[in-house]
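Here are the chains, one letter per residue:
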Amino acid sequence: MKELEDIVNAYHHACRQGLNTALATVVHVEGSAYRQPGARMLVTENGLLTGAISGGCLEGDALRKAQLVMIQQQPLLITYDTNDEDDAKLGVGLGCNGIIHILLEPVNATDAGNPIALLQQVINHRCPAVLVTLFTLRDRKAPQPGTCLVLTANGEMQHRIPDCHLQNAITADAHLSLQTQTTFTKTYLSTGNDYTAHTAYIPPVPQLLIAGAGNDVIPLVKMAALLGWHTIVADGRPGYATTARFPQATQLLTAKPAQLLSQVRTDQHTAVLLMTHNYNYDLALLAQVMPLPLPYIGVLGPAKKLQRMLDELTDNGIRISRQERARIHGPAGLDLGAETAEEIALSIISEIKSVLSTTTAHSLREKTTAIHPREQQIILQQQL
């Protein structure tokens, strides 16, 4: 999501400068590649790149082709074979043993349905969304519709698909993607040209609610901001949760535990951290957030502190279910050997990312399967 936000911001900046732009999207990968389908990059006519479609090897050649797309104002589908010797001579030999298909689209600022306008719809609201990119692999000289549909969980939809039968099929699959929270690639077979759609489920930006505004929270907010996460910093002490101390925070609150949750909106993409260094504040807030459908509740401090808190809640008649207990992480963070505030922040951010991605954190060298799920690269087919 942060990449989309950066691209949209860079586009508006380019428009203010009167620069032409093009959007590059990885639409399909065969084999292995550094970036997966859905990765995007904005190119301006003066060579500024925002986002990434590879580890840096494809960008130079894509920039040259994107400048041609801006001049001709026609989308272009290009393919890089990282096993091909000619591609290696161009400096794109990635050693990934894959074939990468990239769609380049000109962005016309006068077109209300241009690709960036659709990306804008995704980031306008903090809710799940689906973004569809349409292309054809069979005939590269045929029209390449490109970014053609966005559907958000609040019911908003915008599309530019001229064929009604194709529109109905893609729209139905977009709703399915939103419902199942899945990303897939599918070819729609017809008597004319066969179009392939990359239908991407995009979750909202993670939100981090931090109770506590001490000095150890400062690097945590900085790291979260670097990832594009929204951060809410709350403290009961006036003068702590301030813009001067946390300029990158999304929201700052001075509130007691009883008033805090009424001022924020939590959801299944919100993680909560209790790190006020005030036992009673953390205990009161833990009792309030525990029943909420949150994926992660982190408690700073030793395991004995958390156990004391849980025992005290139980003694006060608060029942803690197995599901609620499983979402509570204390001590918060992964075992990275962290000592400093910055290292502890890295440990906590890493654990939250692992939980939100529903993965188990371990070294990639121990992974026996592909880093990215290969099922996302399989093209399904549907007869229209």
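Everything below is about the structure shown above.
Residues numbered from 1 in each chain as written. Predicted model: local features only at pLDDT ≥ 70, side-chain atom pairs only at ≥ 80, totals over all residues. Heavy atoms only, no water.

Draft legend 1. Region of interest: the packing of aromatic side chains. If you walk through the whole model with that rule in mind, you get zero aromatic pairs. In this structure, Arg308 packs its charged tip against the face of Tyr279, placed 4.0 Å from the ring centre. (Phe/Tyr/Trp six-rings, centres within 6.5 Å; stacked < 30°, edge-to-face > 60°. Lys NZ or Arg CZ within 6 Å of the ring centre and 35° of its normal.)

Draft legend 2. Just the pattern of salt bridges, in detail. Across all of its chains, the model carries ten salt bridges by this definition. As a salt-bridge pair, Lys65 and Asp61 come within 2.6 Å of each other at their nearest N and O atoms. Of this pair, Lys65 and Asp61 both sit in helix H2 (residues 59–72), separated by four residues, roughly a single helical turn. Under the relative-accessibility criterion, Asp61 is labelled buried at 6%. A salt bridge links Asp194 to Arg138, with the shortest nitrogen-to-oxygen separation between them at 3.3 Å. Of the two residues, Asp194 is situated in the loop between strand S9 (184–189) and strand S10 (195–202) and Arg138 in the loop between strand S6 (129–135) and strand S7 (146–152); the sequence distance between them amounts to 56 residues. Owing to a relative accessible area of 14%, Asp194 belongs among the buried residues under this scheme. Using a relative accessible area of 56% as the deciding quantity, one classes Arg138 as exposed. Salt bridges sharing common partners tie together Asp61, Arg64 and Lys65. (Salt bridge = Lys/Arg side-chain N within 4 Å of Asp/Glu carboxyl O. Helix = DSSP H or I, 4+ residues; strand = E, 2+ residues; numbered from the N terminus. Buried < 20%, exposed > 50% of the residue type's maximum accessible area, 1.4 Å probe, protein only.)

Draft legend 3. A look at H2. For H2, with 14 residues, the first-to-last C-alpha span of 20 Å sits near the 20 Å given by 1.5 Å per residue. By the burial criterion, the buried members of H2 are Glu59, Asp61, Ala62, Leu63, Ala66, Val69 and Met70. Summarising the contacts, the buried residues of H2 are in contact with strand S1 (21–31), strand S2 (40–44), strand S3 (49–51), strand S4 (76–81) and strand S5 (98–107). A positive backbone phi angle near 55° is found at Gln73, which sits one or two residues after H2. (Expected span 1.5 Å × (residues − 1). Contact = heavy atoms within 4.5 Å.)

Draft legend 4. Here's a closer look at the nonpolar core. Core analysis: the largest hydrophobic core is formed by 26 residues, its most contacted members being Leu260, Leu274, Leu285, Leu286, Val289 and Ile328. Elements with a minimum of two residues in this core: strand S11 (207–211), strand S12 (230–235), strand S14 (270–274), helix H8 (279–289), strand S15 (296–299) and helix H9 (303–315). In terms of residues, this core owes the most to one element, H8, which gives six residues. Beyond its immediate sequence surroundings of up to four residues, Leu285 is in contact with Ala211, Pro257, Leu260, Leu261 and Leu274. Ranked by size, the runner-up nonpolar core spans 22 residues in total, among them Val233, Phe246, Met275 and Tyr296. (Core = buried A, V, L, I, M, F, W, Y, C linked by side-chain atoms within 4.5 Å.)

Draft legend 5. Geometry of helix H11 (residues 341–356). Between its terminal C-alpha atoms H11 stretches 22 Å, which fits the 22 Å expected from 16 residues at 1.5 Å a residue. Residues of H11 that are buried: Ala345, Ser347, Ile348, Ile349, Glu351, Ile352 and Ser354. Those residues of H11 hidden inside the fold are in contact with S11, helix H6 (218–226), S14, S15 and strand S16 (328–329). One or two positions beyond H11, positive phi appears at Thr358, with a value near 50°.

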